[in-house]
Amino acid sequence: MDQRLVQFSVIGLLFLCLGGCSQPAGFGRFTGPYLGQEPPGRTPEIFAPGIVSTGLDEMFSYFTPDARELYFQLWKAPFPVIVFMKEESGRWTNPAVAAFSGRYFAKFCLSPDGDTIVLTSSEPRSGEGEPTNKYTTRILKRTGNGWSDPVFIENIIGALAPSMSSQGHLYFFLEVPPPEKSDIYVSKYTNGDYEAPVRLSDSVNSKYYEVDPFIAPDESYIIFCRPGEDSGATDLFISFRKDDGSWTKAENMGEKINSNAIDLCPAVSPDGKYLFFSSNRNDHESYSKIPLTYENKLEILRSPGNGSSDIYWVSSEVIEELKPKELK
């Protein structure tokens with residue numbers, strides 16, 4: 001599979017979905033790691049507002065180790081697509097749907113070294129026809145001109161939202177009985193193959209659903225999503241690996257990270273500096289002192305912070321702060 005991108009610009013999608021809004025001027029003016037954005041502090045901020053985070057639904061964001069190549073997902077109908085941007089000759093390219101996306105539902109991750117894409121997808125093995133009702137897991141390797149054809153992992157069926165460690169172990173969630181319950185599993189990469197999935201302990205999994213895991217490259221901690229017991233919203237939780245290989249009891253990452261909205265899809269940048277996640281926070285009041293005009297309403301719908309899912313980033317210092325004293 002070469003690096004040709006599907007001829008469907010995300011900016012064109014914005015134009016169609018938002019009733020004719022114009023393309024933001026000059027994507028090429030953005031330069032440097034992380035699209036040249038000002039780094040965040042300890043308070044989560046919308047990442048690249050109007051560039052990556054828009055009035056639509058963006059989730060799952062992964063940078064390569066040099067922070068000059070970005071993959072994220074654009075959700076809603078008819079299915080999510082994986083979007084690709086990269087810095088070339090000192091300027092960032094326009095967003096476009098990646099060549100391995102655009103036809104079927106999938107969730108994905110990028111490996112810590114940036115050279116492997118893992119897809120959990122409804123695409124049938126043949127690559128044609130109706131989507132399958134059992135998600136398959138497939139791996140694509142970076143090549144000299146793009147990405148390889150997928151290699152299927154036979155032992156992992158029905159998984160979603162993969163995350164890969166530096167050793168190649170895969171963490172993901174699987175739906176388990178009763179209905180609408182899901183737990184986090186790991187499939188270890190051993191002797192060139194993946195083992196059968198093993199459920200993580202009750203220190204991580206609970207009576208609630210657990211989804212969207214992110215495993216640290218060295219597997220020293222795992223961040224995932226679970227309903228907050230107080231708010232009922234979906235929050236980010238974290239568990240740390242002990243010296244004996246077991247996990248600490250998962251802890252809510254707290255109000256400095258979580259909100260009353262749905263917070264999910266965590267990932268830490270390869271340099272370890274930033275925690276990225278998605279949230280459908282609404283920055284607008286529930287009323288207006290003056291009547292909104294049609295133009296006002298369209299502007300809100302076109303902008304991040306309108307209750308659709310945006311990508312946020314924050315300093316990863318919170319991870320060290322949440323680590324139990326006995327593990328520091």
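Residues numbered from 1 in each chain as written. Predicted model: local features only at pLDDT ≥ 70, side-chain atom pairs only at ≥ 80, totals over all residues. Heavy atoms only, no water.

**A closer look at the environment of Tyr 194**
Condition: For helices the rule is a DSSP run of H or I covering at least 4 residues; for strands it is a run of E covering at least 2, with both sets numbered from the N terminus onward. Contacts were defined at the residue level, with two residues in contact if any of their heavy atoms lie within 4.5 Å. Here a polar contact is taken to be a pair of N or O atoms separated by no more than 3.5 Å, where protein atoms must pair a possible hydrogen donor with a possible acceptor and residues adjacent in sequence count only if both atoms sit in side chains.
Along the polypeptide, Tyr 194 turns up in strand S16 (residues 193-194). Taking the C-alpha atoms as reference points, Tyr 194 and Asn 155, separated by 39 residues in sequence, lie 6.6 Å from one another. When residues no more than four places from it in sequence are discounted, the contact partners of Tyr 194 are Ile 139, Ile 153, Asn 155, Met 164, Gly 168, Leu 170, Ser 187, Lys 188 and Tyr 189. Engagement of the side chain of Tyr 194 in a polar contact is seen with the backbone oxygen of Gly 168, the distance being 2.7 Å.

**Comments concerning the sheet that holds strand S17 (residues 198-199)**
To keep things clear, this is the line we draw: Think of it this way: DSSP has to see at least two bridges between two strands before they count as a pair.
Taken in spatial order, the four strands make up an open sheet running S12-S13-S14-S17, and their pairing is antiparallel. Taken across any chain shown, the strands that pair with only one partner, and hence form the sheet edges, are strand S12 (160-164) and S17. Bridge count for strand S14 (residues 181-187) against S17 is two bridges, and the pairing is antiparallel. For Tyr 185, the partnering residue across the bridge sits in S17 and is Arg 199.

**Describing the packing of aromatic side chains**
Put simply, the rule is: Working definition: rings of Phe, Tyr and Trp (its six-membered ring) pair if their centres are within 6.5 Å, and the pair is stacked with planes under 30 degrees apart, edge-to-face with planes over 60 apart, and tilted otherwise. Using a 1.4 Å probe on the protein chains alone, a residue whose accessible area is under 20% of its type maximum counts as buried, one over 50% counts as exposed, and one in between counts as partly exposed. Only lysine NZ and arginine CZ atoms are considered, and such an atom sits over a ring when it is within 6 Å of the ring centre and within 35 degrees of the ring normal.
What the rule picks out here adds up to 21 aromatic pairs. Here the aromatic rings of Tyr 34 and Phe 276 are separated by 6.3 Å at their centres, their planes lie at 25 degrees, and the arrangement is stacked. In this pair, Tyr 34 is assigned in the loop between helix H1 (10-17) and strand S1 (45-46) and Phe 276 in strand S23 (residues 274-279), connecting sequence segments 242 residues apart. Here Tyr 34 falls in the buried class, since its relative accessible area comes to 7%. What makes Phe 276 buried here is its relative accessible area of 1%. Pairing Phe 105 with Tyr 135 gives two aromatic rings, centres 5.5 Å apart and planes at 40 degrees, and the pair type is tilted. One end of the pair, Phe 105, is in the loop between strand S6 (96-97) and strand S7 (106-110); the other, Tyr 135, is in the loop between strand S8 (116-121) and strand S9 (136-143), and 30 residues separate them in sequence. For Tyr 135, a relative accessible area of 25% translates into the label partly exposed. Directly above the ring of Phe 152 sits Arg 125, whose terminal nitrogen or CZ lies 4.5 Å from the centroid. Positioned above the aromatic ring of Phe 237 is the side chain of Arg 226, whose terminal nitrogen or guanidinium carbon lies 4.7 Å from the ring centre.

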